[in-house]
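Listed here are the chains, written in short residue letters.
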Amino acid sequence: MFNKLQYISQGETAEKQLYNIHQALDAGCDWIQMRFKNQTPEKRFVLAEAVKVLCEEYLANFIVNDDVILAQKIGADGVHLGLTDMSIPGARAILGNRKIIGATANTFEDVLIQSKNGCDYIGLGPFQFTETKEKLSPILGAEGYVSILNKMKTQNILTPVYAIGGITLENIEILVKTGIHGIAVSGMITKSPEKQKLVQQLNDKLYANVII
Ligand SMILES: Cc1ncc(COP(=O)(O)OP(=O)(O)O)c(N)n1
Ligand SMILES: Cc1ncsc1CCOP(=O)(O)O
Ligand SMILES: [Mg+2]
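What comes next concerns the included structure. Remember, it's a predicted structure, so these values are computed and weren't measured experimentally. (Residues numbered from 1 in each chain as written. Chains lettered and ligands numbered in written order. Predicted model: local features only at pLDDT ≥ 70, side-chain atom pairs only at ≥ 80, totals over all residues. Heavy atoms only, no water.)

**Some thoughts on the site of ligand 2**
Near ligand 2 the following residues occur: Arg-35, Thr-130, Thr-132, Lys-133, Ile-164, Gly-165, Gly-166, Val-185, Ser-186 and Gly-187. Within the contact set of ligand 2, an oxygen atom lies 2.4 Å away from a side-chain nitrogen or oxygen of Thr-132. Between Gly-187 and ligand 2, the recorded distance is 2.7 Å, taken from a backbone N or O atom to an oxygen atom. Within the complex, 89% of the 370 Å² of free accessible area of ligand 2 lies under protein. Each residue belonging to the shell around ligand 2 can be placed in one class, and the counts come to two nonpolar, six polar and two charged. (Near = heavy atom within 4 Å. Polar contact = N/O pair within 3.5 Å; in protein donor to acceptor, adjacent residues only side chain to side chain. Areas by Shrake-Rupley, 256 points an atom, 1.4 Å probe, with all protein chains shown as cover. Nonpolar A, V, L, I, M, F, W, Y, C, P; charged D, E, K, R; others polar.)

Encoded structure:
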């Protein structure tokens, strides 16, 4: 089963991205999604290669946002695809069954489609407002997660769900209670002055009820 904490990178330049990813790895994040939007394919390729080396060094999982071909070219562990990105069957045909394909959902109907199409996990959100992403889908709040996860249960959909969007440390307990598997965060970790302590606190809360 996947780890419960995914770090989504940010940074205006490749250097800043790599710095932020390195910091997250140093702090104990072991799952990185490289999200470097509106850049040339060359810049994204160079960054992805550097991130791959770094993630191997730290034994972290490395997935690429949006770009299936880039993920394939550099041998990443997978991709995250939104509702308007490449289709999951299309990505599966290129990457095969051993790679991780994450998919976005904002509604139960999205969850149904994405899980039927064979994604490995669902990024469900946004939980609340965030400046990290433009053109946000409607905010779900904790009630939205309860409602969607309950419907998943009744239809026996077992795909792990990650909450995403504006999540802070104070939100973790309430999110865990909704039945999510984990969280995907960007700003909270990128902006934290005490990343190691934060990642520890997040993992403590995310794994509080897990019996090993
Ligand atoms: C874990 C996770 N969940 C959702 C998203 C959002 O993906 P998408 O809707 O394609 O938006 P962009 O990130 O591409 O702007 C995500 N990246 N990761
Ligand atoms: C990529 C994405 N998709 C929905 S919200 C979001 C941004 C998550 O970043 P943050 O944790 O900074 O809100
Ligand atoms: Mg996308």
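**With respect to the coordination of the magnesium ion (ligand 3)**
Coordination of the magnesium ion (ligand 3) by the protein is provided by Asp-66 (OD) and Asp-85 (OD), with metal-donor distances spanning 2.0 to 2.2 Å. With Asp-66 in the loop between strand 3 (61-65) and helix 3 (68-74) and Asp-85 in the loop between strand 4 (78-81) and helix 4 (88-95), the pair connects residues that are 19 residues apart, well separated along the chain. When its relative accessible area of 27% is taken as the criterion, Asp-85 is described as partly exposed. (Donors = N, O, S within 2.8 Å, 3.2 Å for Na, K, Ca; no water. Helix = DSSP H or I, 4+ residues; strand = E, 2+ residues; numbered from the N terminus. Buried < 20%, exposed > 50% of the residue type's maximum accessible area, 1.4 Å probe, protein only.)

**Details of the side chain of Thr-190**
Along the polypeptide, Thr-190 turns up in helix 8 (residues 187-190). In terms of polar contacts, Thr-190 uses its side chain to reach the backbone carbonyl oxygen of Ser-186, at 2.7 Å. The contact partners of Thr-190, leaving out residues within four places of it in the chain, are Tyr-7, Gln-10, Asn-20 and Lys-195. (Contact = heavy atoms within 4.5 Å.)

**With respect to the site of ligand 1**
Around ligand 1, a shell composed of 16 residues is seen, among which Arg-35, Lys-37, Asp-66, Gly-82 and Thr-104 lie nearest. The separation between an oxygen atom of ligand 1 and a polar side-chain atom of Arg-35 is 2.8 Å. Burial of ligand 1 by the protein amounts to 91% of the accessible area it has alone, namely 420 Å². Elements with a minimum of two residues in the shell around ligand 1: strand 1 (5-8) and strand 6 (121-124). In terms of residue class, the shell around ligand 1 is made up of four nonpolar, seven polar and five charged.

Note that all results are geometric; they support no functional claim without further evidence.
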